[in-house]
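# Summary of structural features
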Amino acid sequence: MKLNGNTIIFKKEVPLILFLQQNKYDISRIAVELNGDIVPKAEYAGVLLSEKDSVEVVSFVGGG
Amino acid sequence: MYIKINGQEIETKFRYVYELCGNISAEKVIILNGYQTSGDYELSEGDELFIIQKGVIPGQEQLEGMMAARHTPRVHARVKAAGVAIAGLGGLGSNVAVMLARTGVGNLLLVDFDVVEPSNLNRQSYYISHLGLPKTIALEKQLKEINPFINIKIKNVRVTEENAEELFAGYDVICEAFDNPEAKAVLVNTVLERLHNIKVVAASGMAGYHSSNLIRTERKMKNLYVCGDFENEAGTGSGLMAPRVQICAAHQANMVLRLLLGIEEA
């Protein structure tokens, strides 16, 4: 699977929400694109990631 | 041949700039196709020439063309037809708005819920005389002084998941310029989910006085561009200061301009 352009290896399909938590993302500060489409927040729990997927996670830090 | 002088198309038999307007003097500024000239040039069909007398306030009909005279030709017509919404009028948004007004972006929506207070003045485009005023009103006053030929709409509200779609529908580009990271994420997610043809230019990471060169523009998603160093967060011991905030704002404004001109590459 690709995460932010880098190839990563995982053993089995995993729900997006779990993947984000395992990778220490703060769910309230991110936007996620899966294979070129934005994933609505409400679907984070329902989406399963497989090894063909390409995921882009953008994290925002404060300041402006 | 036909050329444009001070925004008006005329037919001329003159072939050189000096034939048309006499020699260059210190009181005269001559701009040919976006470039301020200091010598004589041969004219070609379709050239745009501006002859500006320093110290003379021109009439309304000439002023707009003169203000845009230094733009690359044909840029002004395109940006004048465009609409850009700026969400958050702090260090990023107020400076982005000033730059887009100077660029001549024809329709600006300014959105913020807050008033100008003293700690804003270290980086935001406001003055002592604005203290206590809603940021929308204080910024609108400045933009009208900078460029009276653009349409400005203001909304004095907090942007939420519930109102974002209604606020921003119909604009070409939305500039995310909030301070709070959760608010940034809510705006970006809501717009990308519900307004499919709108591009968002967001910002992340511009605190402190780290190297200017760490701040960059990246296309992160199909409709999302992010400017910043992506890591230096505002927090205790890490303040927000004018130089890096304005560098980041300038990245955003230039990305907005590029998108309005049809360039999608960051």
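Cut-offs used in this document
- Residues numbered from 1 in each chain as written.
- Chains lettered and ligands numbered in written order.
- Predicted model: local features only at pLDDT ≥ 70, side-chain atom pairs only at ≥ 80, totals over all residues.
- Heavy atoms only, no water.
- Salt bridge = Lys/Arg side-chain N within 4 Å of Asp/Glu carboxyl O.
- Helix = DSSP H or I, 4+ residues; strand = E, 2+ residues; numbered from the N terminus.
- Buried < 20%, exposed > 50% of the residue type's maximum accessible area, 1.4 Å probe, protein only.
- Pairing = 2+ DSSP bridges.
- Contact = heavy atoms within 4.5 Å.
- Axes fitted to C-alpha atoms, helices over the stretch in contact; angles between N-to-C directions.
- Phe/Tyr/Trp six-rings, centres within 6.5 Å; stacked < 30°, edge-to-face > 60°.
- Lys NZ or Arg CZ within 6 Å of the ring centre and 35° of its normal.
- Buried area = accessible area lost by both parts, 1.4 Å probe.
- Polar contact = N/O pair within 3.5 Å; in protein donor to acceptor, adjacent residues only side chain to side chain.
- UniProt positions renumbered as here; feature names shortened; annotations may be inferred.
- Domains from an automatic or database assignment.
- Expected span 1.5 Å × (residues − 1).
- Parallel < 35°, antiparallel > 145°, perpendicular 65-115°, else oblique.
- Left-handed = near helix turned anticlockwise from the far one by under 90°.
- Nonpolar A, V, L, I, M, F, W, Y, C, P; charged D, E, K, R; others polar.

An unreviewed UniProt entry annotates chain B as Sulfur carrier protein ThiS adenylyltransferase of Ruminiclostridium sufflavum DSM 19573.

An unreviewed UniProt entry annotates chain A as Sulfur carrier protein of Ruminiclostridium sufflavum DSM 19573.

Here we take up the pattern of salt bridges. Applying the stated criterion across every chain, the model contains 13 salt bridges over all chains. Between Glu64 of chain B and Lys80 of chain B there is a salt bridge whose closest N-O contact spans 2.8 Å. Residue Glu64 of chain B is located in helix α2 (residues 60-67), and its partner Lys80 of chain B is located in helix α3 (residues 75-80); the two are separated by 16 residues in the primary sequence. Judged by relative accessible area, which is 34%, Lys80 of chain B ranks as partly exposed. Ionic pairing is found between Glu140 of chain B and Lys144 of chain B, a salt bridge with its closest N-O pair at 3.7 Å. With Glu140 of chain B and Lys144 of chain B both in helix α5 (residues 135-146) and four residues apart, this pair spans about one turn of that helix. The class for Glu140 of chain B is buried, based on a relative accessible area of 16%. When salt bridges with common partners are traced through the structure, they connect Asp26 and Arg29 of chain A together with Glu182 and Glu233 of chain B into a single cluster.

Reading across the sheet, the five strands line up as β2-β1-β7-β4-β5 (chain A) and stay open at both edges, with mixed pairing between neighbours. The open sheet terminates on both sides in strands that have one partner only, identified here as β2 (6-7) and β5 (37-38) of chain A. As defined by bridge partners, strand β1 (residues 2-3) of chain A adjoins β2 of chain A across two bridges and the pair is classed as antiparallel. Opposite Leu3 of chain A, over in β2 of chain A, you have Asn6 of chain A as the bridge partner. Packing against the sheet, helix α7 (residues 181-194) of chain B makes contact with β4 (30-34) and β5 of chain A, and its axis sits at approximately 30° to β4 of chain A.

Residues and elements named next belong to chain B. Per the counting criterion, the structure on display carries zero aromatic pairs over all chains. Positioned above the aromatic ring of Phe14, the side-chain terminus of Lys13 is 5.1 Å from the ring centre. Of note, Arg158 hangs over the ring of Phe113, and the distance from its end group to the ring centre comes to 3.9 Å.

Before going further, it helps to spend a moment on the interface of chain A and chain B. Opposite the 21 residues of chain A that make contact, chain B presents 29 residues. Between chain A and chain B, the buried area comes to about 1900 Å², and carbon and sulfur atoms account for 59% of it. Contact with chain B buries surface across chain A, with Phe60, Val61 and Gly64 of chain A losing the most and accounting together for 35% of the total. Between chain A and chain B we count three salt bridges in total. In this structure, Lys222 of chain B engages Asp37 of chain A in a salt bridge whose closest nitrogen and oxygen atoms are separated by 3.4 Å. Across the chain A-chain B interface, the total number found is 13 residue pairs in polar contact (both at pLDDT 80 or more).

The next subject is the UniProt feature "domain: THIF-type NAD/FAD binding fold" (unreviewed entry) in chain B. The UniProt feature table records "domain: THIF-type NAD/FAD binding fold" (unreviewed entry) at residues 77-265 of chain B. Between the C-alpha atoms that bound residues 77-265 of chain B the distance is 21 Å, and the span itself is 35% helix and 19% strand.

Turning our attention to the sheet that holds strand β5 (residues 48-53) of chain B. All names here are of chain B. If you walk across this open sheet you meet the five strands as β2-β1-β5-β3-β4, and the pairing is mixed. The outermost strands of the open sheet, each flanked by one partner alone, are β2 (8-11) and β4 (35-36). Relative to β5, strand β3 (residues 28-32) runs antiparallel, the two being bridged by five bridges. Within β5, the residue paired with Leu32 across the bridge is Leu49.

Attention now goes to the domain arrangement of chain B. Taken domain by domain, chain B holds domain 1 (2-59) and domain 2 (77-260). One C-alpha centre belongs to domain 1 of chain B, the other to domain 2 of chain B; they are set 36 Å apart.

Residue and element names in this part refer to chain B. The terminal C-alpha atoms of α5, which comprises twelve residues, lie 16 Å apart, in line with the 16 Å expected from a rise of 1.5 Å per residue. Taken together, the buried positions of α5 are occupied by Lys135, Thr136, Ala138, Leu139, Glu140, Gln142, Leu143 and Ile146. Its buried side turned inward, α5 meets α2, α4 (91-103), β7 (107-111) and β8 (151-155).

Attention shifts here to the packing of α4 of chain B against α5 of chain B. Residues and elements named next belong to chain B. Interhelical geometry of α4 versus α5 gives an angle of 25° and a closest axis separation of 9 Å. By the angle class used here, α4 and α5 are roughly parallel. Viewed along their axes, α4 and α5 form a crossing whose handedness is right-handed. Packed against α4, whose contacting residues are Ser94, Ala97, Val98, Ala101 and Arg102, the element α5 presents Leu139, Gln142, Leu143 and Ile146 at the interface. When the residues that make up the contact of α4 with α5 are grouped by side-chain class, the tally is six nonpolar, two polar and one charged.

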